[in-house]
Structures are given as structure tokens and as C-alpha cells.
Amino acid sequence: MLTCLKPAAQDVAAIVKEADRLEALPDEHGALLKFIEAIKLQPNHLHALSKGSELCSRIGQRQTNTKMRDDYYAAAKIYAENALKIDPTYSEANTSMAIMLGRTTLTKSGKEKVIAAKDLKKYVDAAIKSNALNFLAWHVLGRWHYEISNLNFIERAAVKMFYGGFPPSSLKEGIVAFEKAKAIAPGFILNYYELAKAYYRNDETPKAIALLNQMLLLPNHTEDDPTIKETGKKLLLEWK
């Protein structure tokens, strides 16, 4: 029995290694298929489940077909939930769940946004508690502060009336979180973009412009990076 298990474990390790390689190319769809293959062989593989969730959220956001987008988000939720059932403290899994919540509801308005934002904070705090060098978690925390500090009067009133309020949040705390993500992963393009928007909203336009200019010089690492750079170029024209 043991001799049968050993080759299977080796196969899963090789598949996950190939998935990581494909993601770095970047070939996110190819990487996702490999992570799914690994999950089928080893359903409790925490890294494969967490990355499968993260990639489903990223790929889902790019879908123009609403049903396909929602299917990707549903898969992202299932993979993250399965990982968290195995280990509720696993940093990657908590981050993936927070990303899924952020992609699906954080930019919406009303009750959905309020409920999701409270859950998101719980997961991102758990991710950072388990691994203080998790740059993605710091980035998501920055987005949380950015979005919550931008709630309108009606949303804030709803939060206070029905949900007892949020944990303290502010634009400046969002900037601190984005800066921590930048210090850990200085090549993370999306973080430059979000940090620049935060500085601009904080009336620090020169810093915002400098960050976007730095971002444009960085090599692409994800399939979203070219689009993020194009959006950054448009912001530069608006802000100058």
C-alpha cells in the first residue's frame, strides 16, 4: 500500500510544480487546470486548493459572460471553503476567500457589500496573523480600508443600524497596508495601481503619479498586468 501511495504523492508534487510554473509565465488557465488535476489526486492539498480559488477569482473577473463569471466565482468559493475546512488558519486559503469576497461584492453597494466586507476583514486578518509576509493579504486589507472609507452616508447608516458598525477603517490605514504589500513584493503591479489611487484620494497627487510611472516600468507577471498598465496611463493623463 505504501509503495502505491509514494508515486501518487510524487505525481501531485510534480503537477503542482508545473502549475506554479505556468502561473509565472503567465498562463493562468493552464495553471488552473493543473491545480485542478492535483486536487483530484489529492483533495486535501492546501496550496492547490488555495491557488485554484485565487485563479478562479482572477480569471472570473475577466469574463464578459455573466454566467461564466459567476461559475468561476462559485468555484473560487468552493476551493477556498474546502481548504479552510482542512486548516482554518492557512494563510493562503484565508487570502483566497477574502479575494473571492472582494471580487464579487466589495465594489457593489448596499446590504451585499456590508455583509461581505465584514466577512472579508475576518479572513484577511486571519491570513496576516498566520503569515505577516503574505503580500496579497496586505494588499486585500488595503483595498478593504480604501472601499470602507469610501462608504456613502446611506451605507454608513445601514452599517450602524443593522450590523453594529465596522472595525475602524481609514484611507491612511489603507495606504499603510498597500505600502506593506509593496515592501514585501515590489513587483506587484496591481498594488502600485491601487496605492496610487489611494494617494490621489488622499490629496497626494505627486506620490500617486510617481507610483504609476514606476508601475509602467515593471515587467508583467499576471495576465491582468497589461490592462492595469493601460488604465494607469489613462489616470496619468487625468491627473497631470
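Quick notes on the rules
- Throughout, residues of each chain are indexed from 1 in the direction in which the sequence is written.
- Owing to the predicted nature of the model, reporting of local features is limited to residues with pLDDT of at least 70; listing and counting of side-chain atom pairs is limited to 80 or more, with chain, interface and lining totals taken over all residues.
- As a rule here, side-chain values come from all non-hydrogen atoms in the structure, and water together with hydrogens is ignored.
- Think of it this way: any DSSP run of H or I at least four residues long counts as a helix, any run of E at least two long counts as a strand, and we number them from the N terminus.
- What a helix should span is 1.5 Å times the count of its residues minus one.
- Accessible area is worked out with a 1.4 Å probe on protein chains only. A residue is then buried under 20% of its type maximum, exposed over 50%, and partly exposed in between.
- Both site types are read off a 1 Å grid over the protein atoms alone. A 1.4 Å probe that fits but cannot get out defines a cavity, while an open set with protein on both sides within 12 Å along at least five of seven lines defines a pocket; lining residues have an atom within 4 Å of a point.
- Grid points are joined across faces, edges and corners, and a volume is the space filled by probe spheres set on the points.
- Classification convention: Asp, Glu, Lys, Arg as charged; Ala, Val, Leu, Ile, Met, Phe, Trp, Tyr, Cys, Pro as nonpolar; all other residues, Gly among them, as polar.

### Digging into helix H10 (residues 189-201)
Here H10 contains 13 residues, and its C-alpha end-to-end distance of 19 Å stays within 8% of the 18 Å for a straight helix at 1.5 Å per residue. H10 sits mainly inside the fold: 10 of its 13 residues count as buried. Among the residues of H10, Ile189, Leu190, Asn191, Tyr192, Tyr193, Glu194, Leu195, Ala196, Ala198 and Tyr199 are the ones counted as buried. Note on H10: the residue one or two positions beyond its end, aspartate 203, has a positive phi of about 60°.

### Side note on the layout of surface pockets
Space inside the largest pocket adds up to approximately 1100 Å³. What lines the largest pocket is a set of 39 residues, among which Arg58, Arg103, Leu136, Phe188 and Leu190 lie closest to the centre. For the lining of the largest pocket, the element with the most residues is helix H5 (residues 91-106), which contributes nine residues. For the lining of the largest pocket, the residue count by class is 13 nonpolar, 14 polar and 12 charged. Residue lining of the second largest pocket: Lys77, Glu81, Met97, Met100, Leu101, Thr104, Asp119, Lys122 and Tyr123, and that is the complete set. Top element by residues in the lining of the second largest pocket is H5. It accounts for four residues. Its residues placed into classes, the lining of the second largest pocket shows four nonpolar, one polar and four charged.

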